[in-house]
Amino acid sequence: MKYLCLCLFVILFLGVLSSGMNVSATNSISSTETLSEKDEDSFLNNINLSYLEAPPEKSIIECFDVTNDEMIVLGQKSSDKKVICVYSNNGLFQYGYSFNCTGKFGVEWNNNNINIYFSRSDVIATIAPKGEIVKLTKFNSTTENNSYLNSKIYSTTRKIGDTKYELKNDIGFLNILASSYSQLTKTLANGESTVLYDVTSTQLEKTILVFIFVIIMLVATLGVVIWLLIKFKRLMSD
């Protein structure tokens, strides 16, 4: 009995220790490499980063982050480029960037700079407010790094004190088909909620097109299955 209790204690202790290690490991990207000069030049040429002084047309949201003084950065998806816009705590556009990116990306405040995480190339680009490239870093696909990306960078919520910021959709049952977001909301400790950014109509149009495509594919697949069953039945009867 004493041996059993000792074993249970050791298992519980190791579990708590492991949990504590996992939490600390997900505070930041931990396993990184330095890019060669050739790789840096190639990467910068591919993304073609541009500074935006004027607000671009609003588009659906892919990612976001908020500073402690509630400055907001939104990662958005336009027709042919990805766009990052910085807004004040009352929703006024400050500046932004546009760039090429064919895969998923995330954003994170790094003091006054912004980290852009490129998931396909596993590169973090640190951008100064005026659009200068401060640093390019290659991050490795480790368990700790993936945990940080999923729990922090790609998270749809941020807490600043008692205030909660959250990415949402408001298109009814079509929400399940949406791969990005149409609203950024701010909820105070008393439950009062404000929509800071809203492109629901754009998201609705896009999602309806996806819904129609899914229905067409289902009908086409069903038609093929029925045709094959009829053909098989005729072959069996001959």
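**As for the packing of aromatic side chains**
Phase 1: This structure, assessed with the given rule, holds 9 aromatic pairs.
Phase 2: Geometrically, the ring pair formed by F99 and F105 is edge-to-face, given 5.4 Å between the ring centres and 90 degrees between the ring planes.
Phase 3: According to the relative accessible area criterion, F99 is buried, its value standing at 0%.
Phase 4: Members of the aromatic cluster, joined through ring pairs, are F43, F99, F105 and F118.
Phase 5: Lying over the aromatic face of Y154, K104 brings its terminal NZ or CZ to 3.9 Å of the ring centre.
Phase 6: One residue, R158, lies across the ring of F64, its end atom 4.9 Å from the ring centre.

**With respect to the nonpolar core**
The nonpolar side chains of a soluble globular protein tend to be buried with one another.
Phase 1: Grouped together as the largest cluster of nonpolar side chains are 21 residues, with contacts concentrated most on I84, F99, F105, I114, I116 and F118.
Phase 2: At the level of elements, α2 (37-47), β5 (82-87), β6 (93-99), β7 (105-110), β8 (113-118) and β9 (123-127) are the ones that each hand at least two residues to this core.
Phase 3: Every residue in contact with I116, bar those within four places of it in the chain, is listed here: I84, F99, F105, G106, V123, I124, A125 and I127.
Phase 4: Core analysis: the second largest hydrophobic core is formed by 17 residues, I61, L74, I160 and L184 among them.

**A short note on helix α3 (residues 143-153)**
Phase 1: All of the buried residues along α3 are N145, Y148, L149 and I153. In a view along the axis of α3, the buried residues occupy a sector of 100 degrees, so they form one face of it. Those residues of α3 that are exposed and aimed more than 90 degrees away from the buried face are T143 and N150.
Phase 2: Buried residues in α3 make contact with β7, β8, β10 (133-139) and β11 (157-160).

**What to know about the sheet that holds β7**
Phase 1: As summarised here, the arrangement of the 5 strands in space is β1-β10-β9-β8-β7, forming an open sheet in which the pairing is antiparallel. Lying at the two open borders of the sheet, with one neighbouring strand each, are β1 (32-34) and β7. Averaged over all adjacent pairs, the angle separating strand axes in this sheet is 30 degrees, with direction ignored.
Phase 2: Across 5 bridges, the pairing between β9 and β10 is antiparallel. What sits directly across from T126, in β10, is K135.
Phase 3: In this fold α2 packs onto β8, β9 and β10, with an angle of close to 110 degrees to the strand it touches most, β10.

**Observations regarding the confidence of the model for the chain**
When pLDDT drops low, the exact placement of atoms in the prediction is not to be read closely.
Phase 1: The predicted model of the chain has a mean per-residue pLDDT of 81, with 78% of residues at 70 or higher.
Phase 2: Summarising per-element confidence for the chain, the mean pLDDT is lowest in helix α1 (residues 2-25) (38) and highest in β8 (97).
Phase 3: Counting interchain partners and residues more than four positions distant, the pLDDT-below-50 stretch residues 1-26 has 4 contacts.

**Some words on the environment of Y197**
Phase 1: Residue position: Y197 is located in strand β14 (residues 193-198).
Phase 2: For Y197, a relative accessible area of 3% puts it in the buried group.
Phase 3: With near-sequence residues (within four places) excluded, Y197 lies in contact with K58, S59, I61, L74, Q76, Y87, S182, Q183 and L184.
Phase 4: Side-chain polar atoms of Y197 contact the side chain of Q76, separated by 2.9 Å.

**Brief notes about the sheet that holds strand β12 (residues 163-168)**
Phase 1: What the 4 strands build is an open sheet, ordered β11-β12-β13-β14; its pairing is antiparallel. Edge positions in the sheet fall to β11 and β14, since each of these pairs with one other strand and no more. Pairs of neighbouring strands in the sheet enclose a mean axial angle of 20 degrees, with direction left out of account.

**Looking at the state of the cysteines**
Phase 1: Overall, the coordinates contain 0 disulfides when judged by the stated rule.
Phase 2: With no disulfide of its own, C101 lies 9.2 Å from the sulfur of C63, the closest cysteine sulfur.

Cut-offs used in this document
- Residues numbered from 1 in each chain as written.
- Predicted model: local features only at pLDDT ≥ 70, side-chain atom pairs only at ≥ 80, totals over all residues.
- Heavy atoms only, no water.
- Phe/Tyr/Trp six-rings, centres within 6.5 Å; stacked < 30°, edge-to-face > 60°.
- Buried < 20%, exposed > 50% of the residue type's maximum accessible area, 1.4 Å probe, protein only.
- Lys NZ or Arg CZ within 6 Å of the ring centre and 35° of its normal.
- Core = buried A, V, L, I, M, F, W, Y, C linked by side-chain atoms within 4.5 Å.
- Helix = DSSP H or I, 4+ residues; strand = E, 2+ residues; numbered from the N terminus.
- Contact = heavy atoms within 4.5 Å.
- Arc of directions from axis to C-beta.
- Pairing = 2+ DSSP bridges.
- Axes fitted to C-alpha atoms, helices over the stretch in contact; angles between N-to-C directions.
- pLDDT = per-residue confidence, 0-100.
- Polar contact = N/O pair within 3.5 Å; in protein donor to acceptor, adjacent residues only side chain to side chain.
- Disulfide = S-S within 2.5 Å.

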